[in-house]
Amino acid sequence: MTRLQWGMIGGGAGSQIGPTHRISAGMDGLYQLTAGAFDIDPERGRAFAKSLDVPEDRTYGNWQEMLEGERARTDRLDLVTVATPNATHYEISKAFLEAGFHVLCEKPLTMTAGEAEEIVALSRETGKICAVNYGYSGYALVRQMRAMVANGDLGRIRLIKAEFAHGFHADAEEADNPRVRWRYDPAQAGTSAVFADAGIHAFHMACFVSGQTPSALSADFASLVEGRQLEDDAMINIRLNGGTLCRLWTSAVAVGRMHGLTLQVFGEKGGLSWQQQHPEQLYWTPVNGRTEVIERGGPGLSEEAQRASRIPVGHAEGMPVAFANIYRDLAEVLSAEREGRAPDPLALGFPAAEDGMWSMRAIEAAARSAKSGGSWVDL
Ligand code: NAD
């Protein structure tokens, strides 16, 4: 099979998320890293491209050069990943979609809901995919939760408890560290800090697993480290369009919580509980029944979860495999398009521009609600 041609913007040497993308895209041998503008510093980006064996004639000093160079080619890129800082996502994704490329953009898709709506419209108009990397939705047992909910195993979903709380910005002495400070500066971070950065994954997960979209929310934002202009802790109540209530807690001052992304789903017939730090087990409790541990890779999984489960039961997988499931879904859809056939329906669950748009609407609504003392805001 011919590998899909893949380009990257950002994700250069020393970046946090770039290596996970390269490991994940490489996992199934479906992509060839063919082009890139990896760094804000053109020379550093070129040197890094060389170390990755990216051909010199497809190595670029910045994304504008890459757009010009790549749009002129007949052997076009199949997918472009945008892994640059947040404020650049809209401009870069928009330009590549307009030029007819499929895009996988890091979260957040944009800085405002209006920009996200434009990207959704553009993706529909051009017929080009704009996926958003809510990578945690690629975990096998997250897909298992979604399949069990869709299958009616839990009955009507009454309540979801979603959390993403960590303690990495708890040290007041560190508040002036430039790597921390920009996140709480509205000029650079927008209307929200910890909800936009971390809590939004929990928000996406609640929507993804329940198969619902948000209707309204009420938020309480707190800046618990003195002097911060944006929130470092938030409690948000969200009403979903299928009647489910979601209670979401996100924090950056929860000392001792490492990567505290958890999801609990409570239905009429039973409850599910999953933690990102222990992603190999899902706890299922039927009403009046015993709690059962559902093992990733074990027996009785849904088709979606079996497909997303790569290595034998009892051997830890983790985040790169979750991202790899998203890359493989996209590869299936792009290959199907190329071959003029219908894609495997199991590959269609990747997070799309619409997911990015709901997130941006939620962030703006939460900031408005918090400002008005927690009033309910329609989405
Ligand atoms: P980082 O600062 O560690 O790395 C950013 C990289 O992009 C650097 O290599 C930098 O040189 C490069 N860059 C910056 N501006 C550029 C430009 N205009 N053109 C080309 N390259 C440019 O950042 P990070 O932590 O890797 O985050 C990048 C993005 O990934 C952010 O949007 C962040 O929200 C997102 N992220 C997502 C997840 C997830 O779970 N999905 C996790 C971490 C980060």
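Given the structure is predicted, the values throughout are model-derived calculations rather than measurements.

Procedures and definitions
Residue numbers restart at each chain and count upward from 1, following the sequence in its written direction. Two thresholds apply to this predicted model, a pLDDT of at least 70 for residue-level local features and 80 or more for giving and counting side-chain atom pairs, whereas whole-chain, interface and lining totals are computed over all residues. The side-chain quantities take in all heavy atoms of the structure and omit both hydrogens and water. Partly exposed residues are those whose accessible area sits between 20% and 50% of the maximum for their type, while under 20% is buried and over 50% is exposed, using a 1.4 Å probe and protein chains only. A run of H or I in DSSP becomes a helix once it reaches four residues, and a run of E becomes a strand once it reaches two; helices and strands are each numbered from the N terminus. Between any two strands, pairing holds if DSSP finds at least two bridges. Handedness of a crossover: with both strands directed away from the viewer, a clockwise path from the first strand across the helix to the second marks it as right-handed. In this description, contact between two residues means that some pair of their heavy atoms is separated by no more than 4.5 Å. Throughout, an axis means a line fitted to C-alpha atoms (over the contacting stretch in the case of helices), and angles, computed between N-to-C directions, take values from 0 to 180 degrees. Any residue with a heavy atom positioned within 4 Å of a molecule or strand is treated as near that molecule or strand. Two N or O atoms form a polar contact when they lie within 3.5 Å of each other; inside protein one atom must be a possible hydrogen donor and the other a possible acceptor, and for residues adjacent in sequence the pair counts only when both atoms belong to side chains. Throughout, the Shrake-Rupley method with a 1.4 Å probe supplies accessible areas, and for residues the shown protein chains are the sole cover considered. Residue type decides the class: Asp, Glu, Lys and Arg count as charged, Ala, Val, Leu, Ile, Met, Phe, Trp, Tyr, Cys and Pro as nonpolar, and the leftover types, Gly among them, as polar. Buried Ala, Val, Leu, Ile, Met, Phe, Trp, Tyr and Cys residues form a nonpolar core when they are joined through side-chain atoms within 4.5 Å. Domain delimitation follows an automatic or database domain assignment. Take the accessible area each of two parts loses on contact, using a 1.4 Å probe, and add the two losses: that sum is the buried area.

## Describing the pairing of strand 3 (residues 79–83)
Taken across its 5 residues, strand 3 has 5 buried, putting it largely inside the fold. Here strand 3 shows a buried face lined by L79, T81 and A83 and a second buried face lined by V80 and V82. Where strand 1 (residues 4–10) and strand 3 come together, 5 bridges link them in parallel fashion. Residue pairing across strands places I9 opposite V82, the latter belonging to strand 3. Sheet analysis places strand 3 next to strand 4 (residues 103–105), joined by 3 bridges and oriented parallel. From the neighbouring strand, V80 faces strand 4, where its bridge partner is V103. Since strand 3 and strand 4 lie parallel, the crossover through helix 4 (residues 89–98) that links them has a hand, and here it is right-handed.

## As for the environment of G356
By the element assignment, G356 lies in helix 12 (residues 353–371). For the pair G356 and S223, spaced 133 residues apart in the sequence, the C-alpha separation amounts to 25 Å. Ignoring anything within four residues of it in the chain, the contact list for G356 reads L109, A116, V132 and Y134.

## Quick look at the sheet that holds strand 6 (residues 157–165)
The 9 strands are arranged 13-12-11-10-6-9-8-7-14 in an open sheet whose pairing can be described as mixed. With partners counted over all chains shown, the strands left at the sheet margins are strand 13 (292–295) and strand 14 (377–378), one partner each. The pairing of strand 6 with strand 9 (residues 245–251) spans 7 bridges and is classified as parallel. Looking across to strand 9, one finds that F164 is bridged to T250. Sheet strands in contact with helix 9 (residues 194–210) are strand 6, strand 7 (214–222), strand 8 (233–240), strand 9, strand 10 (260–267) and strand 11 (270–275), and its direction is about 155° off that of strand 9. Each of strand 7, strand 8 and strand 14 is contacted by helix 12, which is oriented at about 50° to strand 7, the strand it contacts most.

## Side note on the site of the ligand
Around the ligand sit 22 residues in total, of which G12, Q16, I17, N86 and H89 are the nearest. Within the backbone of I17, a nitrogen or oxygen atom sits 2.9 Å from an oxygen atom of the ligand. At 3.0 Å from an oxygen atom of the ligand is found a side-chain nitrogen or oxygen belonging to D39. Contact with the protein chains removes 83% of the 850 Å² of surface that the ligand exposes when unbound. Here the residues of the shell around the ligand sort into 9 nonpolar, 10 polar and 3 charged.

## Some remarks on the nonpolar core
The biggest cluster of nonpolar side chains holds 88 residues, and the ones touching the most others in it are F96, F195, F203, V209, I236, L263 and V265. In terms of residue count, helix 9 provides more of this core than any other element does, 12 residues in total. Residue contributions to this core reach at least three from each of two domains, namely domain 1 (4–132) and domain 2 (138–311 + 357–378). Residues in contact with F96, not counting those within four places in the same chain, are I9, W63, M66, L67, V80, F101 and V103.

## Considering the domain arrangement of the protein
Partitioning the protein into domains gives domain 1 (4–132) and domain 2 (138–311 + 357–378). Here domain 1 and domain 2 have C-alpha centroids that lie 27 Å from each other. Counting residues at the interface gives 12 residues for domain 1 and 13 residues for domain 2. Between domain 1 and domain 2, the buried area comes to about 980 Å², and carbon and sulfur atoms account for 59% of it.

## A look at the pairing of strand 10
On any regular strand, side chains alternate: one points to one face of the sheet, the next to the other face. A large share of strand 10 lies buried, amounting to 6 of its 8 residues. Here strand 6 runs beside strand 10; their pairing, made up of 8 bridges, is antiparallel. Bridge pairing links K161 to Q264 in strand 10. Counting the residues in the hairpin turn of strand 10 and strand 11 gives 2 residues.

## A short note on unusual backbone geometry
In this structure, the amide linkage connecting K107 to the following residue, P108, adopts the cis form with an omega of -10°. On the secondary structure map, P108 appears in the loop between strand 4 and helix 5 (113–126). Backbone geometry at D53 places phi at a positive 65°, although glycine is not the residue there. Secondary-structure assignment places D53 in the loop between helix 2 (42–51) and helix 3 (63–71). Judged by relative accessible area, which is 67%, D53 ranks as exposed. Not every positive phi belongs to a glycine, and N288 is a case in point at roughly 65°. Secondary-structure assignment places N288 in the loop between strand 12 (281–286) and strand 13. With a relative accessible area of 82%, N288 lands in the exposed category.

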